[in-house]
Amino acid sequence: MIKEISKNDLGECSKVIRESFKTVANEFNITEENAPRYVAFATTEEKLTEQYDNGRKMFAYFDAEKIVGFYAIEINDNVCELNNLCVLPEYRQKGIGKKLLEHCFEIAHSLKADKITISIVEENKKLKEWYIKFGFTPVYTRKYDFFPFTCGYMKKILLK
């Protein structure tokens, strides 16, 4: 079941984000030393609280009372930025990511967004193909000095 989270859930959500993104970090040799700003290392309850207080909408997938998936969106000028869509490793391959993404589409549509943007680890071809399957298209890539990977930016145009 997907529902908007409360402030009381932010600690658990930060743990789910860090644990989920650590599998990508391990696969692509992203470490706290070479990328301290990477989501698997930089996400804290305090950071999520600040985003929550600034109006970012956050949703979680619950298995009974346990949070096993998460995403956040922020809307600016009819564009939804999707952040931190993730599922705990032991819950993957069960359609939870797809349900979270489809839920995001519904929320973005209800907010009258024209498009959704995301950024990913460009080298993660499997994830890139997954987003393409749901209608996202690559827009550009960018290499930052503070990351040992390339950031890939994608968008999905929403139909009215």
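Our subject is the structure listed above.
Description of the structure in this document. Here the residue numbering is sequential within each chain, running from 1 through the sequence in written order. Since the coordinates come from a predicted model, pLDDT governs what is reported: local features require at least 70, and pairs of side-chain atoms require 80 or more to be given and counted, while whole-chain, interface and lining totals use all residues. With hydrogens and water stripped out, all remaining heavy atoms of the structure feed into the side-chain values.

This brings us to the side chain of Lys 128. Secondary structure follows DSSP: runs of H or I at least 4 residues long count as helices, runs of E at least 2 residues long count as strands, and numbering of each begins at the N terminus. Mapped onto the fold, Lys 128 is located in helix H5 (residues 125-133). Three labels apply to residues, based on accessible area from a 1.4 Å probe with only protein chains included: buried if under 20% of the type maximum, exposed if over 50%, partly exposed otherwise in between. The class for Lys 128 is buried, based on a relative accessible area of 14%. Contact between two residues is taken to exist if any of their heavy atoms lie within 4.5 Å; hydrogens are not considered. When sequence neighbours within four positions are dropped, the list of residues in contact with Lys 128 reads Ile 120, Glu 122, Pro 138 and Met 154.

Turning our eyes to something else, we now look at the pairing of strand S5 (residues 115-121). With three bridges connecting them, strand S4 (residues 79-87) and S5 associate as parallel partners. Within the sheet, the bridge partner assigned to Cys 80 lies in S5 and is Ile 116. Strands pair, by our definition, only if DSSP identifies at least two bridges between them.

Another aspect to go through is the packing of helix H1 (residues 10-27) against helix H3 (residues 45-53). At a minimum axis distance of 8 Å, the contact between H1 and H3 shows a crossing angle of 115 degrees. Relative to H3, H1 is oriented so that their crossing is right-handed. Residues Leu 10, Gly 11, Cys 13, Ser 14 and Ile 17 of H1 lie in contact with H3, whose contacting residues are Glu 45, Leu 48, Thr 49 and Tyr 52. Polarity classes work like this: nonpolar for Ala, Val, Leu, Ile, Met, Phe, Trp, Tyr, Cys and Pro, charged for Asp, Glu, Lys and Arg, and polar for all others, with Gly in that last group. For the contact of H1 with H3, the per-class residue count stands at five nonpolar, three polar and one charged. Axis definition: a line fitted to C-alpha atoms, limited for helices to the stretch in contact. Angles are taken between N-to-C directions and run from 0 to 180 degrees. Here a crossing is called left-handed whenever its near helix is offset anticlockwise from the far helix by less than a right angle, and right-handed whenever the offset is clockwise.

Worth remembering: the numbers are spatial, not functional.
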